[in-house]
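Spelled out, the chains give:
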Amino acid sequence: MENNINNLLTVLRKRFPALMLVVLTTLGFASCDDTYDFDAPESKIQTFVSQYYPGVAVDSQSTLPGGDIQVVLKGSATILFDSQGEWISVDGNGVVLPATMLYDQLPDKLYAYIEAMEDTDGVYRIFRNSTIYTVDFLDSSIQYTISTGDITYLTDGSDS
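Here the residue index of a chain counts from 1 through its sequence in written order. In keeping with the predicted nature of the model, local features appear solely for residues at pLDDT of at least 70, side-chain atom pairs appear and are counted solely at 80 or more, and the whole-chain, interface and lining totals rest on all residues. Side-chain metrics rest on all non-hydrogen atoms present in the structure, leaving aside hydrogens and water.

Novice: Whenever I open this one, the sheet that holds strand β5 (residues 125–128) confuses me. Can you help?
Specialist: Each strand in a sheet pairs with its neighbour through backbone hydrogen bonds, running either in the same direction (parallel) or in the opposite one (antiparallel). Only strands joined by at least two bridges in the DSSP assignment are considered to pair. In DSSP terms, a helix is any run of H or I states spanning at least four residues, a strand is any run of E spanning at least two, and both are numbered starting from the N terminus. Strand order in the open sheet formed by eight strands is β1-β2-β3-β4-β5-β6-β7-β8, with antiparallel pairing between adjacent strands. Taken across any chain shown, the strands that pair with only one partner, and hence form the sheet edges, are β1 (58–63) and β8 (151–154). Pairwise comparison of adjacent strand axes, ignoring direction, gives a mean angle of 15° for this sheet. Examined bridge by bridge, strand β4 (residues 87–91) and β5 share three bridges and lie antiparallel to one another. Residue pairing across strands places serine 89 opposite phenylalanine 127, the latter belonging to β5. Its contacts with the sheet put helix α4 (residues 108–116) on β6 (132–136), β7 (141–145) and β8, and the angle it makes with β7 is roughly 155°. Angles here are taken between N-to-C directions and fall from 0 to 180 degrees, while the axes themselves are lines fitted to C-alpha atoms, restricted in helices to the stretch in contact. Working rule for contacts: check all heavy atoms of both residues, and any pair within 4.5 Å makes them a contact.

Okay, here's the thing in structure tokens:
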């Protein structure tokens, strides 16, 4: 009888780590939330910020009365997102905006226009709504009409 108990203990000692691994793995998978929504506004905002402002900390984030979300980056840009997590405006607060963001986020025709002006490193603010994009430079702006593709140069730096 004592020999059977020793054999059982030996088997348990050898198989216990494998058994625990199976139990812990099962519990780990059971606790995973496979319903995470990567299209949720928070996820879109985090992706946008980390893609175009890597390593820059968020100073503040607030939901405005209309549901828009304002994200202020520490020593950097202020970004306004709609309730779906799509950007509305990016203000560099005196610092030029990343050229990669302009390339990725502006319509091709508008980006090509800015590139032809050799001013991709001179954009301080961008704004968009359902009808227009506005791009602000140091002392001027351009406006792109979505429906027509027309680009208007505004010499006074008018805000949208």
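Novice: Teacher, can you tell me more about unusual backbone geometry here?
Specialist: As a rule of thumb, non-glycine residues mostly have phi less than zero, and peptide bonds are mostly trans rather than cis. In this model, asparagine 93 sits at a positive phi of 55°, which is unusual for a non-glycine residue. Within the secondary structure, asparagine 93 is located in the loop between β4 and α3 (99–105). The classification of residues rests on relative accessible area computed with a 1.4 Å probe and restricted to protein chains. Under 20% of the type maximum is buried, over 50% is exposed, and intermediate values are partly exposed. Its relative accessible area of 42% is what places asparagine 93 among the partly exposed residues. A positive phi angle is found at glutamate 118, which is not glycine, with a value near 55°. On the secondary structure map, glutamate 118 appears in the loop between α4 and β5.

Novice: Help me out: how do you make sense of the confidence of the model for the protein chain in this one?
Specialist: Reading predicted coordinates in detail is not appropriate for stretches of low pLDDT. When pLDDT is averaged along the protein chain, the result is 82, and 71% of the positions lie at 70 or above. Within the model, the stretch residues 18–38 combines pLDDT values under 50 with three contacts to residues more than four positions away or in other chains. pLDDT expresses how confident the predictor is about each individual residue, on a scale running from 0 to 100.

Novice: Honestly, the packing of aromatic side chains in this entry has me stumped. Any pointers?
Specialist: When the centres of two rings from Phe, Tyr and Trp lie within 6.5 Å, Trp using its six-membered ring, the rings pair. Their planes under 30 degrees apart give stacked, over 60 give edge-to-face, and anything left gives tilted. By the definition in use, this model includes five aromatic pairs. Ring centres of phenylalanine 48 and tyrosine 52 lie 5.0 Å apart, and the angle between their planes is 65°; on these two criteria the pair is classed as edge-to-face. Of this pair, phenylalanine 48 and tyrosine 52 both sit in helix α2 (residues 41–52), four residues apart, which is roughly one turn of that helix. Among the residues examined, tyrosine 52 registers a relative accessible area of 7% and is labelled buried.

Novice: In this structure, what is going on with the nonpolar core? I would like to understand it.
Specialist: Across soluble globular proteins, nonpolar side chains have a tendency to be buried as a group. Joining through side-chain atoms within 4.5 Å is the link that ties buried Ala, Val, Leu, Ile, Met, Phe, Trp, Tyr and Cys residues into a set, and such a set is a nonpolar core. Within the largest apolar cluster, 27 residues are counted, with the highest numbers of intra-cluster contacts made by Tyr53, Ile79, Val90, Leu106, Ile126 and Val135. Broken down by secondary-structure element, the contributors of at least two residues to this core are α2, β2 (69–73), β3 (78–81), β4, α3, α4, β6 and β7. For this core, the leading source of residues is α2, giving four residues. In contact with isoleucine 126, not counting residues within four places along its chain, are Trp87, Ile88, Ser89, Val90, Leu97, Met101, Leu102, Leu106, Thr134 and Val135.

Novice: Where do I start with α4 in this structure?
Specialist: Because each turn of an α-helix spans 3.6 residues, side chains separated by three or four positions end up pointing in the same direction. The complete set of buried residues in α4 reads Leu110, Tyr111 and Ile114. Angular distribution of buried residues about the axis of α4 spans 95°; they occupy a single face of the element. Facing away from the buried side of α4 by more than 90 degrees, the exposed set consists of Asp108 and Ala116. Contacts made by the buried residues of α4 are with α3, β6, β7 and β8. Following α4 by one or two positions, glutamate 118 adopts a phi angle in the positive range, close to 55°. Throughout, the arc means the angular range of directions from the helix axis out to the C-beta atoms.

Novice: How do you make sense of the environment of valine 95 when you look at a structure like this?
Specialist: Among the structural elements, valine 95 can be located in the loop between β4 and α3. Owing to a relative accessible area of 45%, valine 95 belongs among the partly exposed residues under this scheme. In this structure, the C-alpha to C-alpha distance between valine 95 and tyrosine 124, residues 29 residues apart in sequence, is 6.1 Å.

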